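Overview (structure and organization)
Below, each chain spelled out in residue letters.
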Amino acid sequence: MIASLEEDLDVFLSTADFAEVALNGSTPISGLFDNGYGASFDVAGSTPSFTCKSSDATGLNPGTSTLTIRSSSWLVVGVEADGTGVTVLRLQEAA
Amino acid sequence: MANHVHKQIRDAVKTALTGLATTGSRVWTNRLQVMQDADLPGLRIYADEETAADLSMHAPGISERQLTLVVEAVAKAVSGLDDTLDQVAKEVETVLAGTITVSGKTLDIAYTGMRFDDEPLDKPVGVKRMTFTVSFYTAANAPDVLI
């Protein structure tokens, strides 16, 4: 069951549709970039994340790994695998 | 009729804290002020709670009040967040040391502590919540007039 889910992920993470490429160094990762409105303590901002295959997220370390998305550099601050082969990378603007 | 003394105090503190080196004119007297990037680093001033004691046997009484006033230093940055908030706190505590002038009267104000919170967003957000106690008196039926 899980194997078949992972097999189908390429369909959902196709750059021909809604996915885009993030660069982990020079390594491309396909995924879905979200950067919608968010707020903490009544401070407005956004909650950037990148959803990708867990197999593409191995080696990413919160607090040190960075991704380049849309020419901007993002620090990975969370690596959240859902157990079905999908991982949500929580991001923040890199220094 | 003048504004409630609480508002007079918040306004007086806002005046005192406007123009500080780090926060400039980014000062609000509204706990629910949603702050954008351009508003930061900034300050939010609000009344948190108050205790009061009736000093008179006659009506209307005289209330001895102690207002807990909160000054929140708010910043958002990928680096130096604590340093910025500590600098803001230094500037705020320095200005609010001892007394404040409200509607021509001098009121005692005392720093009573702080609490720090932070959360991730597109950049980390930090809030240093400083509390002060302001002591004053009003008639029970005239909460808009300091005595």
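Every α-helical turn comprises 3.6 residues, leaving residues that sit three or four positions apart pointing alike. With 13 residues, helix α1 (residues 5-17) of chain B should reach 18 Å at 1.5 Å per residue; the first-to-last C-alpha distance of 18 Å fits that figure. Those residues of α1 of chain B that sit buried are Val5, His6, Gln8, Ile9, Arg10, Ala12, Val13 and Leu17 of chain B.

Now for the interface of chain B and chain A. In this assembly, 22 residues from chain B lie in contact with 16 residues from chain A. A combined buried area of about 1,500 Å² lies between chain B and chain A, and 59% of that area is made up of carbon and sulfur atoms. On the surface where chain B and chain A come into contact, there are one salt bridge. Taken together, chain B and chain A are joined by eight residue pairs in polar contact (both at pLDDT 80 or more). At the level of secondary structure, the elements contributing two or more residues to the side of chain B that touches chain A comprise β3 (62-76), β5 (105-119) and β6 (125-139) of chain B. When residues of the side of chain B that touches chain A are assigned to their parent elements, the largest contribution, three residues, is made by β5 of chain B. Per-class residue counts for the side of chain B that touches chain A are 11 nonpolar, two polar and nine charged.

Right, let's talk about the confidence of the model for chain B for a bit. When pLDDT is averaged along chain B, the result is 95; 100% of the residues meet or exceed 70. Model confidence for the complex: the whole-complex pTM is 0.88, and ipTM, which rates the interface, is 0.83.

This part is about a nonpolar patch on the surface. Together, Leu55, Tyr137, Val145 and Ile147 of chain B line one region of the surface with nonpolar side chains, adding up to about 360 Å² of accessible area. With respect to the element layout, Ile147 of chain B can be found in the segment after β7 (142-146).

The next thing to look at is the side chain of Ser40 of chain A. Along the polypeptide, Ser40 of chain A turns up in strand β3 (residues 37-40). Other than its neighbours up to four places away in sequence, Ser40 of chain A contacts Glu119, Pro120, Leu121 and Val125 of chain B.

Rules used throughout
- Residues numbered from 1 in each chain as written.
- Chains lettered and ligands numbered in written order.
- Predicted model: local features only at pLDDT ≥ 70, side-chain atom pairs only at ≥ 80, totals over all residues.
- Heavy atoms only, no water.
- Helix = DSSP H or I, 4+ residues; strand = E, 2+ residues; numbered from the N terminus.
- Expected span 1.5 Å × (residues − 1).
- Buried < 20%, exposed > 50% of the residue type's maximum accessible area, 1.4 Å probe, protein only.
- Contact = heavy atoms within 4.5 Å.
- Buried area = accessible area lost by both parts, 1.4 Å probe.
- Salt bridge = Lys/Arg side-chain N within 4 Å of Asp/Glu carboxyl O.
- Polar contact = N/O pair within 3.5 Å; in protein donor to acceptor, adjacent residues only side chain to side chain.
- Nonpolar A, V, L, I, M, F, W, Y, C, P; charged D, E, K, R; others polar.
- pLDDT = per-residue confidence, 0-100.
- Patch = residues over 30% accessible without salt bridge, like charges linked within 9 Å, V, L, I, M, F, W, Y side chains within 5 Å.
- Areas by Shrake-Rupley, 256 points an atom, 1.4 Å probe, with all protein chains shown as cover.

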